[in-house]
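One letter stands for each residue in the lines below.
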Amino acid sequence: MKKITWLKWSEVGSMMSENTSVSPAGGITPLQQMLASGTGALFTSLFVTPLDVVKIRLQAQRTPFSKVLSVECVPWSVHQSKWKCFVYCNGLMDHLYVCQNGSSCTAWYKAPTHFTGTLDAFVKITRYEGIRSLWSGLPPTLVMAVPATVIYFTTYDQLRDYLRCRMGRQGPHVPLVAGALARLGAVTVISPLELIRTKMQSRPLSYRELRVCIQSSVAQDGWLSLWRGWGPTVLRDVPFSALYWFNYELVKEWLCRQSRLDEATFMVSFTAGAVSGTVAAVLTLPFDVVKTQRQIELGDMETLRVAASKSSSTWLLLRRIRAESGTRGLFAGFLPRVIKVAPACAIMISTYEFGKTFFQKLNQERQLSSL
């Protein structure tokens, strides 16, 4: 009986190894990895978006859209008369939301309801504006956020498996390299699309007008103008991704050893994701401050319809912030970023790992039933 069982599993193993589309480590296909990461992206957005919506509404109560720029958007001393745009996060990506004419952010500032706190805001928004208002602005951002997440997570898994197969060992530097390269690829693909979305949001444009607008921008500033803001995004996201995956694999392995588990459970992945996300968010916070400032500059440029000016380098901006606000200025928005990043990372990775485990078991059952 033991011999027959061993024979069956060896046949399954040989069949899976013959199938070149199956990931060598996970036992699932790239398409299944994409489905798992896409599902995780949707769950993350649904859970995290209401937190950011409430945060923006509370900020708007203190400093209305039509009067001043968001303090969180520019955390050091900048004085402007109009709040033209603000940064919105759906748990997956930061997006620029442009207010036409500086005041028509009706999706975000519908009624002059007074909120006394976060819980009160949740209750009153749901009661007076409907529960759907907690997901204001989510659908347009998902058009790019979900594909970007799918590209990122699938590329990471494929790169990690490839590097481990090539090197023949599971060194701690493999997640570091795979995470950095995967994020670099995802940012490079999505960056032009985010710029196009901002252009369409700043003023109503037909597809023909949008094409002419992009062509004139390319003719004036070259093809690299489509990747405006790419540098600060890469400087924040690539180190974040490298640190995140490096710490995630270490923490997950440690938790499995402590719990005497052969494989990570949902809670192990959730905890490891939250811890690694927090560490990466804190260490890359100065670059997040610079990236947010660049996003605001880009939004103001599109809203005011002015030509692109040569912006300062990331390092010059960091030095300027430090000179104006000290070292604390480089870590402005520490608590809001951690509160946002930790649950987003935890939900995303635990849902993704759960999806991969589901498909892995499904593939094994299919292989066994076909014998």
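The name recorded for the protein chain in an unreviewed UniProt entry is Mitochondrial glutathione transporter SLC25A39, from Mauremys mutica. Listed under Sequence similarities (unreviewed entry) in UniProt, the entry text for the protein chain is "Belongs to the mitochondrial carrier (TC 2.A.29) family."

Draft legend 1. Looking closely at the nonpolar core. Core analysis: the biggest nonpolar cluster contains 39 residues, and F153, F240, Y244, W245 and I349 have the highest contact counts within it. Elements represented by at least two residues in this core include exactly α2 (30–62), α4 (138–167), α5 (173–202), α7 (230–259), α8 (266–283) and α12 (334–369). With 10 residues, the single largest contributor to this core is α4. What I349 contacts, discounting residues up to four positions off in sequence, is F153, Y244, W245, Y248, S269 and G273. Within the second largest apolar cluster, 7 residues are counted, among which are V289, V290, L317 and L318.

Draft legend 2. Just the UniProt feature "transmembrane region" (unreviewed entry) in the protein chain, in detail. When the UniProt feature table is mapped onto this chain numbering, "transmembrane region" (unreviewed entry) sits at residues 134–154, 174–196 and 264–287. Across residues 134–154 one finds 81% helix and 0% strand; the C-alpha atoms that close the span lie 30 Å apart.

Draft legend 3. A look at the packing of aromatic side chains. As enumerated under the stated definition, the model contains 12 aromatic pairs in all. Residues Y152 and F153 carry aromatic rings whose centres are separated by 5.1 Å and whose planes lie at 75° to one another, so their mutual orientation is edge-to-face. Neither Y152 nor F153 differs from the other in exposure class; each is buried. Consider the rings of F358 and F359, whose centres lie 5.4 Å apart with planes at 70°: the pair is edge-to-face. Overall, F358 belongs to the partly exposed group, its relative accessible area being 47%. Chaining the aromatic ring pairs together yields one cluster made of Y152, F153, Y156, F240, Y244, W245, Y248 and Y352. Lying over the aromatic face of Y152, R183 brings its terminal NZ or CZ to 4.6 Å of the ring centre.

Scoring rules and cut-offs
Residues numbered from 1 in each chain as written. Predicted model: local features only at pLDDT ≥ 70, side-chain atom pairs only at ≥ 80, totals over all residues. Heavy atoms only, no water. UniProt positions renumbered as here; feature names shortened; annotations may be inferred. Core = buried A, V, L, I, M, F, W, Y, C linked by side-chain atoms within 4.5 Å. Buried < 20%, exposed > 50% of the residue type's maximum accessible area, 1.4 Å probe, protein only. Helix = DSSP H or I, 4+ residues; strand = E, 2+ residues; numbered from the N terminus. Contact = heavy atoms within 4.5 Å. Phe/Tyr/Trp six-rings, centres within 6.5 Å; stacked < 30°, edge-to-face > 60°. Lys NZ or Arg CZ within 6 Å of the ring centre and 35° of its normal.

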